[in-house]
Amino acid sequence: MNTEILGIVGMYSIVLLLAIPFGKYIGKVFINEKTWADLFFNPLDKIFYKLGGINPAKAMNWKQHLMALLTINLIWFLLAMLVLTNMSWLPLNPDGNPSMSGDLAFNTAVSFITNTNLQHYSGETGLSYFGQLTLMLWQFISAACGIAIAAVVFFAMKERTTEKLGNFYFLFVRTCTRILLPLALTVALLLAYNGVPMTFEGKDTITNLQGDTVRVSRGPVAAFVAIKQLGTNGGGFYGPNSTHPLENPNYFTNMVETISIFLIPIAMVFALGFVLKKRKLAWMIFGVMTVGFILLLVPTITNEMKGNPAIAKMGITQPLGSMEGKEVRFGPAASAYWAINTTVTSNGSVNAMHDSLTPLSGMNTLLGMMVNCFYGGVGVGFLNFYIFIILAVFISGLMVGRTPEFLGKKIEAREMKIAMIIALLHPLLILAGTAIASYLYAHNPTAYASWLNNPGFHGFSEMLYEFTSSSANNGSGFEGLGDNTPFWNIACGVVMLLARYLPIIGPVAIAGSLAAKKYIPESAGTLKTDTATFGLMVFAVIVIVAALSFFPALALGPIAEYFSLY
Amino acid sequence: MKEHILPAIQITAICLLIFSGVYTLIVLAVSQLSFNNGKGEIIVANGKTYYTNVGQKFTDDKYFYSRPSAVDYNAAASGGSNKGPANPDYLKTVRDRIDTFLVHNPAVSKNKIPSDLVTASGAGLDPHISVQAATIQVKRIAKLRSIPEPVLQELISKNTEKPLLGFLGTERVHVLKLNLALDQLK
């Protein structure tokens, strides 16, 4: 078989082999079961509890959980603003990079606390090392925040009636120290020993073989890249992210970084199975997610390996495939695989420029973000999937004429209203945002000429992609978009905020209210939710609610571009 | 909300210390033992230092060309072209690159040119080209440097990097290493 395809099969097999046992470990971390790692981590966690002034044994109800989460996120926002607007005089700035303007700092601060990592700046010129290191803090803690709140929903799904859903800080701290820290250390060292720089020295100046003088940006890259990949963050150290040969020097580092994208999102599904002691349910969820992922993946790889038809017409050969925006050391197949990995999870790092993908591949990356729950972001991907489960239970209940129940709890009007609002929020933010931007551009193309890097359908796709990426908390971009303007900084910032916190509040509210309801033991009349039939139902709901609401927009962008090209 | 403010501030402070501070220092300390003390892999040749992984601009006819770059191989402001596949300006750029290549390599027939030689990479710093991209430049260099073609062919196969473990990923040629080896042929 083709070595490029084997590389992909290798990456998926390894991540699956790692994610299943790791999911069990995550489950143990959540329910406080003993592991061999306690010896080291218990003292470390105690430091947090003691200096943080918290009692990890105090159980919270769902409202207290949300309050704790929102408060700490507000503190993070303020701290991020403070650092980003004062980098120029703060330490660790060997290249003398400037502080950010107010609107750019707002966008960047929101982007990092919401686990999005949309970057309207370029790392080499837009941040000091101090700025990079503080942004790295949110790559840890915003990820931990999502994982911790997903654990709260896991607890709420247990078969009992309760309001007590564990302690938020307990889950948050343990996620940071026991899940993210050891993984990040491992990955960072693997990268550092394979050519990714880790230094605090500034730019180097060299003369190349041909005699030109060039400056080379360096920095503490290895530490940053590791957690950027693992926490579905995606914000690159350098502007072009993991296409940069110092951020991703060879095929081995590319495999490590790609595997890091999927590891925790997949493991979370198996963690759910472990916590609830419902392995079949976990496999149903995993199955639906995997089918969705593969349906997006296969056409993308095929299209990228086939190449660009407009270039084929010029009479040259494309033995590798479509190479614009791609690196020879990865090849189009591994780049297509990464592109779908990074968009179905809310990672957003790239190892090829998405703006230069062939039209249908561009559409599949968009669809990955529009659905946003085929594995999904760490923690929050499951919350999105949870909403679709609730919708599917309700619809199936109506179809067979029974009261809809999920895991022994009745789903009633209140839960359904919340689920519908959350399911429709994502299309609303994306389509309304794109509509406003298109309106502005169409009515004054000269004033906004610097926005778009490509004419026609593709230009529309650039705007659609930016709002989709913001609303999915993804962070990748069709980077041709001239996005460091007050309009894009503020519009995307607001979208990211709404699209992060409302889809956390909604599912937690549903789960919390279900947890407090009376538990109805399973009977012959109960709708089984851990079967392939129900999986198909969930998949249908996802296709109808998520994918189809975007069809008109996709028809104007990538689909129209496809027909203009082929 | 009030009861959460103080713990939130305190936990954030500890996180800052541990994840931005301690974690970074551990990675930094252990990296000191890696290539060039973690400052990036380098190649030293003829008393000069080059970064192994950072691609260089090669447009001189006596060297194997590297790929086109949207940022002219500026390793302090890297980036791609971000051009869509149907963009007319972009397609014109590619056509121009093909024509320029044919002018400099009259012995090559157009349908042998692989697309990586006329398209820009993602970061504009790609250190590699495909094997085919190196092979079609042999005639030009052989003529200019008066080196027999088989010698150059062998040089290419010596500098070809195989897929990882022999079966994962692409086969490619490291342009800088190839050109350094080329300079040493005399």
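Preceding this section is the structure that the text describes.
The rules behind each value
Residues numbered from 1 in each chain as written. Chains lettered and ligands numbered in written order. Predicted model: local features only at pLDDT ≥ 70, side-chain atom pairs only at ≥ 80, totals over all residues. Heavy atoms only, no water. Helix = DSSP H or I, 4+ residues; strand = E, 2+ residues; numbered from the N terminus. Contact = heavy atoms within 4.5 Å. Areas by Shrake-Rupley, 256 points an atom, 1.4 Å probe, with all protein chains shown as cover. Lys, Arg positive; Asp, Glu negative; His and termini not counted. Charge placed at Lys NZ, Arg CZ, Asp CG, Glu CD. Pairing = 2+ DSSP bridges. Axes fitted to C-alpha atoms, helices over the stretch in contact; angles between N-to-C directions. 1 Å grid on protein atoms, 1.4 Å probe; cavity = no way out; pocket = protein on both sides within 12 Å on 5 of 7 lines; lining within 4 Å. Points joined across faces, edges and corners; volume = space filled by probe spheres on them. Nonpolar A, V, L, I, M, F, W, Y, C, P; charged D, E, K, R; others polar. Parallel < 35°, antiparallel > 145°, perpendicular 65-115°, else oblique. Left-handed = near helix turned anticlockwise from the far one by under 90°. Buried area = accessible area lost by both parts, 1.4 Å probe. Salt bridge = Lys/Arg side-chain N within 4 Å of Asp/Glu carboxyl O. Polar contact = N/O pair within 3.5 Å; in protein donor to acceptor, adjacent residues only side chain to side chain.

Undergrad: Quick question: what am I supposed to make of the overall build of chain B here?
TA: If you tally the helices and strands in chain B, you get six helices and five strands. Across chain B, helices and strands are ordered from the amino to the carboxyl terminus as α-β-β-α-β-α-α-α-β-β-α. For chain B, the spread of C-alpha atoms along the principal axes amounts to about 80 × 45 × 35 Å. Once local pairs closer than 6 in sequence are excluded, the contacts in chain B between residues at least 24 apart make up 56%. Here chain B has roughly 8,000 Å² of accessible surface; of this, 60% comes from carbon and sulfur atoms. Of the charged side chains in chain B, 21 are positive and 15 negative, and the gap between their average positions amounts to 2 Å.

Undergrad: What is the right way to read the sheet that holds strand β3 (residues 128-129) of chain B from this model?
TA: Two orientations exist for strands paired in a sheet by backbone hydrogen bonds: parallel and antiparallel. Residues and elements named next belong to chain B. Reading across the sheet, the three strands line up as β3-β5-β4 and stay open at both edges, with antiparallel pairing between neighbours. At either margin of the open sheet sits one strand with a lone partner, and together these are β3 and β4 (160-161). The pairing of β3 with strand β5 (residues 172-174) spans two bridges and is classified as antiparallel. Considered in β5, the bridge of isoleucine 129 is made with valine 173. Sheet strands touched by helix α6 (residues 175-184): β3, β4 and β5. Its angle to β5, the strand with the most contacts, is close to 60 degrees.

Undergrad: Hey, could you run me through the layout of surface pockets in this one?
TA: In this approach a probe as big as a water molecule rolls over the atoms, and the regions it shows empty are the leftover space. Computed from the structure, the largest pocket encloses a volume of approximately 430 Å³. Considering the residues around the largest pocket, the lining is formed by 26 residues, among which A:Gln119, A:Tyr121, A:Gly239, A:Pro240 and A:Glu479 are closest to the centre. Classifying every residue of the lining of the largest pocket gives seven nonpolar, 17 polar and two charged. If you add up the space inside the second largest pocket, you get close to 350 Å³. Considering the residues around the second largest pocket, the lining is formed by 17 residues, among which B:Thr59, B:Tyr65, B:Ser66, B:Pro68 and B:Leu117 are closest to the centre.

Undergrad: How should I be thinking about the packing of helix α6 (residues 129-156) of chain A against helix α17 (residues 486-515) of chain A in this particular structure?
TA: When two helices pack together, their arrangement is given by the angle between the helix axes and the distance between those axes. Residues and elements named next belong to chain A. Two elements in contact, α6 and α17, have axes whose closest approach is 8 Å; the angle formed by their N-to-C orientations is 20 degrees. It follows from the interaxial angle that α6 and α17 lie roughly parallel. Considering only the axes of α6 and α17, their crossing is left-handed. Residue-level contacts link Ser142, Cys145, Gly146, Ile149, Val153 and Ala156 of α6 to Arg500, Ile504, Pro507, Val508, Ala511, Gly512 and Ala515 of α17. Here the residues of the contact of α6 with α17 are counted per class, giving nine nonpolar, three polar and one charged.

Undergrad: Where do I start with the interface of chain A and chain B in this structure?
TA: Accessible area lost upon the coming together of the parts is a frequently used measure of interface size. At the interface, 108 residues of chain A touch 99 residues of chain B. Taken over both partners, the interface formed by chain A and chain B buries close to 8,200 Å², and the fraction arising from carbon and sulfur atoms is 67%. When the buried surface of chain A facing chain B is broken down by residue, A:Leu209, A:Met314 and A:Glu324 rank first, second and third, together holding 10% of it. Between A:Glu201 and B:Lys39 there is a salt bridge, with the nearest N and O atoms lying 3.1 Å from each other. Seen at the junction of chain A and chain B, the total is 39 residue pairs in polar contact (both at pLDDT 80 or more). Its residues placed into classes, the side of chain A that touches chain B shows 60 nonpolar, 31 polar and 17 charged.

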